[in-house]
Amino acid sequence: MISNILPRFEFKFLLKKKDANRLVSDLSYFMKLDPFTPTCGYYSIKSLYYDDTNFSSYLDVIEGERRRFKIRLRHYNDNLSKVSFEIKHKDNKIISKDRILTDFVTANDVIKRPWNYTETKFKNIAYRFAKTYYIPSVTTAYKRIPLVGIFSKNVRVTMDFNF
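Computed from a predicted model, the values in this text were never measured in an experiment.

A. Region of interest: the overall build of the protein chain. Scanning the protein chain for helices and strands turns up four helices and eight strands. N-terminal to C-terminal, the α/β element order of the protein chain is β-α-β-β-α-β-β-β-α-α-β-β. Relative to its length of 163 residues, the protein chain is compact, with a C-alpha radius of gyration of 17 Å against a globular reference of 15 Å. Counting only C-alpha atoms and orienting by the principal axes, one finds that the protein chain spans roughly 50 × 35 × 30 Å. Just so you have it, the protein chain exposes about 11000 Å², and 57% of that area is on carbon and sulfur atoms.

As C-alpha cells, this is what we get:
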C-alpha cells in the first residue's frame, strides 16, 4: 500500500507528565483515541532514520533549513510484518509524507537493491536510495497516545513519552 499524507501543520511542545495527563482529560470532550490504538491506550513506535554520509538531513535541522526531508523505516507495536517506509517532507511548519506499507524483509531489500524496485509503489524511495548512499543513522523508540477529533477527523493530537 502506498499513501500520500495530505499536508498538515505540526507543532511540538514539551510537557510535564501531570500537565499532559490534564490535557488528555480536557481534550476528551472533543477527541477520542485513534481507532487503531491498542486497549492499553497507547502504541509503541520504533523508527530507524537514514541519512547520507555527510549527515545532510541532520545538518538541515541544526541549521534551521525550512525545507527539508527525512527518510525513515517505522513499525508499531513490534509488528515487523507491517512496516512503513516514509519520506517526511517539511516546509516550515507544514509537513507531508510519502508512505509505503510493506514488510521488514522487503524494506531491507529496497535499501540494498533499489534498482530492482521500479514499480510505482517503491519508485520514490527506491530512487532516493539508488541516487544517494544512505546509511542507518539514528533509532528512536517511544510510546504514543494518539487522539483524533470527534467532530473533525482532520484534527489530531499525539503525545509521545518513554523515549
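B. A look at the pairing of strand β4 (residues 67-76). The pairing of strand β3 (residues 43-52) with β4 spans six bridges and is classified as antiparallel. Residue pairing in the sheet places leucine 48 in a bridge with leucine 73 of β4. Relative to strand β5 (residues 83-91), β4 is paired through nine bridges, and the arrangement is antiparallel. The partner of leucine 73 across the bridge, within β5, is phenylalanine 85. Hairpin geometry of β4 and β5 is characterised by an intervening segment of six residues between the two adjacent antiparallel strands and by a positive phi of about 50° at asparagine 77.

Quick notes on the rules
Residues numbered from 1 in each chain as written. Predicted model: local features only at pLDDT ≥ 70, side-chain atom pairs only at ≥ 80, totals over all residues. Heavy atoms only, no water. Helix = DSSP H or I, 4+ residues; strand = E, 2+ residues; numbered from the N terminus. Rg over C-alpha atoms; globule rule 2.2 N^0.38 Å. Areas by Shrake-Rupley, 256 points an atom, 1.4 Å probe, with all protein chains shown as cover. Pairing = 2+ DSSP bridges.

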